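So you can see what is in the structure, the chains are spelled out below.
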Amino acid sequence: MEADPCRREREEMVEFQIRARGIRDERVLAAMQKVPRHLFVPKGLERAAYEDRPLPIGGGQTISQPYIVAVMTEQLEIRPHDRVLEIGTGSGYQAALLAELGADVISVERLDDLALRAQENFTRAGVTGVRVVVGDGTKGYPPEAPYDAVIITAASPAVPEPLVEQLGEGGRLIAPVGPRECQDLIKLIKREGKVQRIPLGGVCFVPLIGQFGWQGEVSPR
Ligand code: SAM
């Protein structure tokens, strides 16, 4: 049996969905070539894992579209041993890519079931270097702050202030910000205490629900 049955699909994803659309960071492209995305989707959806779209992962949540994951990862400018905080573990795929780039990752997930499944996915995929914490990620994770990079993979009306506070000097933060349905992807860079804000384009993410995000449940899309 072939060791990696999806290698060809992953190569095509990287070439035609990612590189062809302008992602240039060879380290990000190599990480996306390496991490087995099909091990991060629910059983029965493996064949769709390399398609150009988000997929359901349970609990009304999604694993994001590969291209958007690539944009966010490239913009985080990860260096080996960076301390990275991810909010919204979901399937664990984004965190696995960050770990593949050499980061030490803390990933916070609000839903117990998803946190558990993500940990199972890491084991199956042989991913180390990610610690999953269950809780309200809008408050960040103060015990390990400051972070070199923060990535929020769910959408909120504004960037939660605790996450900006927990970003270290020279730190990068990427987040979808705006109305519930669709948002602007933004990048913040903290330098000498000042925060620069760079718009990266339109995206549509599930809501970030918590004290500094949206309040209360919303019906799954
Ligand atoms: N990064 C994920 C991946 O690679 O599969 C995709 C994340 S999914 C688009 C958004 C995730 O954010 C969901 O799993 C959802 O439960 C989680 N979430 C929403 N509000 C949250 C909060 N306040 N704290 C932590 N996680 C939250």
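Only a predicted model underlies this, so the values are computations on that prediction, with no experimental measurement involved.

Examining the environment of Ile68
(1) Moving on: As for its position among the elements, Ile68 is in helix H3 (residues 66–76).
(2) Moving on: Among all residues touching Ile68, those that are not within four sequence positions of it are Val203 and Phe205.

Brief notes about unusual backbone geometry
(1) Moving on: Across the junction of Ala145 and Pro146, the peptide omega takes the value 5 degrees, indicating a cis bond.
(2) Moving on: Mapped onto the secondary structure, Pro146 falls in the loop between strand E5 (130–134) and strand E6 (147–152).
(3) Moving on: One non-glycine residue, His81, lies in the positive phi region at around 75 degrees.

Observations regarding the site of the ligand
(1) Moving on: Neighbouring residues of the ligand: 28 residues in total, closest Gly88, Ser91, Glu109, Gly137 and Ile209.
(2) Moving on: One of the backbone nitrogen or oxygen atoms of Arg110 is found 3.2 Å away from a nitrogen atom of the ligand.
(3) Moving on: Separating a nitrogen atom of the ligand from a backbone N or O atom of Ile209 is a distance of 2.7 Å.
(4) Moving on: Burial of the ligand by the surrounding chains reaches 99%, relative to a free accessible area of 600 Å².

Here we look at the sheet that holds strand E9 (residues 194–203)
(1) Moving on: The seven strands lie next to each other as E5-E4-E3-E6-E7-E8-E9, forming an open sheet whose pairing is mixed. Strands with a single pairing partner mark the edges of an open sheet, and in this sheet they are E5 and E9. Each strand of the sheet is rotated relative to its neighbour by a mean of 15 degrees, with strand direction disregarded.

Thoughts on the packing of helix H1 (residues 7–18) against H3
(1) Moving on: Running from amino to carboxyl end, H1 crosses H3 at an angle of 75 degrees, the nearest separation of the two axes being 10 Å. When the axis of H1 is compared with that of H3, the two are roughly perpendicular. Counting all contacts with H1, which are made through Met13, Gln17 and Ile18, the residues of H3 involved are Pro66, Tyr67 and Ala70.
(2) Moving on: Residues that form the contact of H1 with H3 fall into these classes: five nonpolar, one polar and no charged.

What to know about the packing of aromatic side chains
(1) Moving on: Counted according to the given criterion, the structure contains two aromatic pairs.
(2) Moving on: Ring centres 5.9 Å apart and planes at 65 degrees place the aromatic pair Phe40 and Tyr93 in the edge-to-face group. Of the two residues, Phe40 is situated in the loop between helix H2 (26–34) and strand E1 (55–58) and Tyr93 in helix H4 (residues 93–100); the sequence distance between them amounts to 53 residues.
(3) Moving on: For Phe40, a relative accessible area of 1% corresponds to the buried category.
(4) Moving on: An aromatic cluster of three or more residues is present, and its members are Phe40, Tyr93 and Phe122.
(5) Moving on: In this structure, Arg21 is placed above the aromatic ring of Tyr67, and the distance from its NZ or CZ to the ring centre is 4.2 Å.
(6) Moving on: Cation over ring: Arg37 sits above Tyr93, and NZ or CZ is 4.9 Å from the ring centre.

Conventions and cut-offs
Sequence order as written defines the numbering, with residues in each chain counted from 1. Local features are withheld for residues below a pLDDT of 70 in this predicted model, meaning they are given only at 70 or higher, and side-chain atom pairs are given and counted only at 80 or more; totals for whole chains, interfaces and linings count all residues. Based on all heavy atoms of the structure, the side-chain values leave hydrogens and waters out of the count. Working definition: helices are DSSP H or I runs of at least four residues, strands are E runs of at least two. Numbering for both runs from the N terminus. The criterion used for residue contact is that any of the two residues' heavy atoms lie within 4.5 Å. Residues are labelled near a given molecule or strand when at least one of their non-hydrogen atoms is within 4 Å of it. Any pair of nitrogen or oxygen atoms within 3.5 Å is treated as a polar contact; in protein, a donor-acceptor pairing is required on top of that, and neighbouring residues in sequence qualify only through side-chain atoms on both sides. Only the protein chains shown count as cover for residues, and all accessible areas are computed by the Shrake-Rupley method using a 1.4 Å probe. Only when DSSP finds a minimum of two bridges between them are two strands counted as paired. Every axis in this analysis is a line fitted to C-alpha atoms, fitted for helices over the stretch in contact. Angles between the N-to-C directions lie between 0 and 180 degrees. Note that the term roughly parallel is reserved for angles under 35 degrees, roughly antiparallel for angles over 145, roughly perpendicular for angles of 65 to 115, and oblique for everything else. Gly is put with the polar residues, along with every residue not named as nonpolar or charged; the nonpolar set is Ala, Val, Leu, Ile, Met, Phe, Trp, Tyr, Cys and Pro, and the charged set is Asp, Glu, Lys and Arg. For Phe, Tyr and Trp, where Trp contributes only its six-membered ring, two rings pair if their centres lie within 6.5 Å, and the inter-plane angle classes them as stacked under 30 degrees, edge-to-face over 60, or tilted in between. Partly exposed describes any residue whose relative accessible area lies between the buried limit of under 20% and the exposed limit of over 50%, with all areas from a 1.4 Å probe on protein chains only and scaled to the type maximum. Definition used: whenever NZ (Lys) or CZ (Arg) falls within 6 Å of the ring centre and also within 35 degrees of the ring normal, the charge is taken to sit over that ring.

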